[in-house]
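In case you want the letters, here they are:
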Amino acid sequence: MSHLNEEANRCLWTGKVNLTEAQLKSQFWRFDTDGDRRLSKQELNKAFNNLGSSFPAWRTWRALCHADENGDGYINEEEFNRLVKYAVKCGYAIDSN
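Trainee: Summarise the packing of helix H2 (residues 21-29) against helix H5 (residues 80-90); cite the residues concerned and give the values.
Mentor: With their axes 10 Å apart at the nearest point, H2 and H5 run at an angle of 115° to one another. Crossing handedness for the pair H2 and H5: right-handed. Together, Glu21, Leu24, Lys25, Phe28 and Trp29 of H2 and Phe80, Asn81, Leu83, Val84, Lys85, Ala87 and Val88 of H5 make up the contact between the two elements.

Trainee: Tell me about the nonpolar core, and name the residues and values.
Mentor: Within the largest apolar cluster, 19 residues are counted, with the highest numbers of intra-cluster contacts made by Leu24, Phe28, Leu44, Phe48, Ile75 and Leu83. If you list the elements that add at least two residues to this core, you get H2, helix H3 (41-50), helix H4 (56-67) and H5. In terms of residue count, the dominant contributor to this core is H5 (five residues). Not counting residues up to four positions away in its chain, the partners in contact with Leu83 are Phe28, Leu39, Leu44, Phe48, Ala63, Ala67 and Ile75.

Trainee: Please set out a nonpolar patch on the surface residue by residue, giving values where relevant.
Mentor: Together, Phe55, Trp58 and Trp61 line one region of the surface with nonpolar side chains, adding up to about 420 Å² of accessible area. Here Trp58 is to be found in helix H4. We classify Trp58 as partly exposed; its relative accessible area is 45%.

Trainee: Tell me about H4, residues and numbers included.
Mentor: For H4, spanning 12 residues, the distance from its first C-alpha to its last is 16 Å, which sits close to the expected 16 Å at 1.5 Å a residue. Among the residues making up H4, those that are buried are Pro56, Arg59, Thr60, Ala63, Leu64 and Ala67. All buried residues of H4 fall inside an arc of 140° around its axis, so they share one side. Summarising the geometry of H4, the exposed residues directed more than 90 degrees from the buried face are Ala57 and Trp61. The elements touched by buried residues of H4 are H3 and H5.

Trainee: With reference to specific residues and values, describe H5.
Mentor: Of the residues making up H5, those classed as buried are Phe80, Leu83, Val84, Tyr86 and Ala87. Viewed end-on, H5 has its buried residues packed into an arc of 160°, placing them on one side of the element. Packing partners of the buried residues in H5 comprise H2, H3 and H4. A positive backbone phi angle near 75° is found at Gly91, which sits one or two residues after H5.

Calculation criteria
Residues numbered from 1 in each chain as written. Predicted model: local features only at pLDDT ≥ 70, side-chain atom pairs only at ≥ 80, totals over all residues. Heavy atoms only, no water. Axes fitted to C-alpha atoms, helices over the stretch in contact; angles between N-to-C directions. Helix = DSSP H or I, 4+ residues; strand = E, 2+ residues; numbered from the N terminus. Left-handed = near helix turned anticlockwise from the far one by under 90°. Contact = heavy atoms within 4.5 Å. Core = buried A, V, L, I, M, F, W, Y, C linked by side-chain atoms within 4.5 Å. Buried < 20%, exposed > 50% of the residue type's maximum accessible area, 1.4 Å probe, protein only. Patch = residues over 30% accessible without salt bridge, like charges linked within 9 Å, V, L, I, M, F, W, Y side chains within 5 Å. Areas by Shrake-Rupley, 256 points an atom, 1.4 Å probe, with all protein chains shown as cover. Salt bridge = Lys/Arg side-chain N within 4 Å of Asp/Glu carboxyl O. Expected span 1.5 Å × (residues − 1). Arc of directions from axis to C-beta.

Listed below in structure tokens is the structure:
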């Protein structure tokens, strides 16, 4: 069975639809509460919590490991696409009902 078929079957079984990159971008930017166009560790943690992560602190740490190229503890606009691609791999989804 191909990966796409497995993914489609999983979505049918769970009643959920994976979020697109555009939807994830929108979700993450909502949590830039200070408007500095960077996501802090605290802002990321709130975003992953909102996305339904079972362990948002761990997911935040992993996201920073994947996307924070300059190691400053923030996800800036240049690093943002790496964050979104990481979140896509994690398979965040919404109810299809």
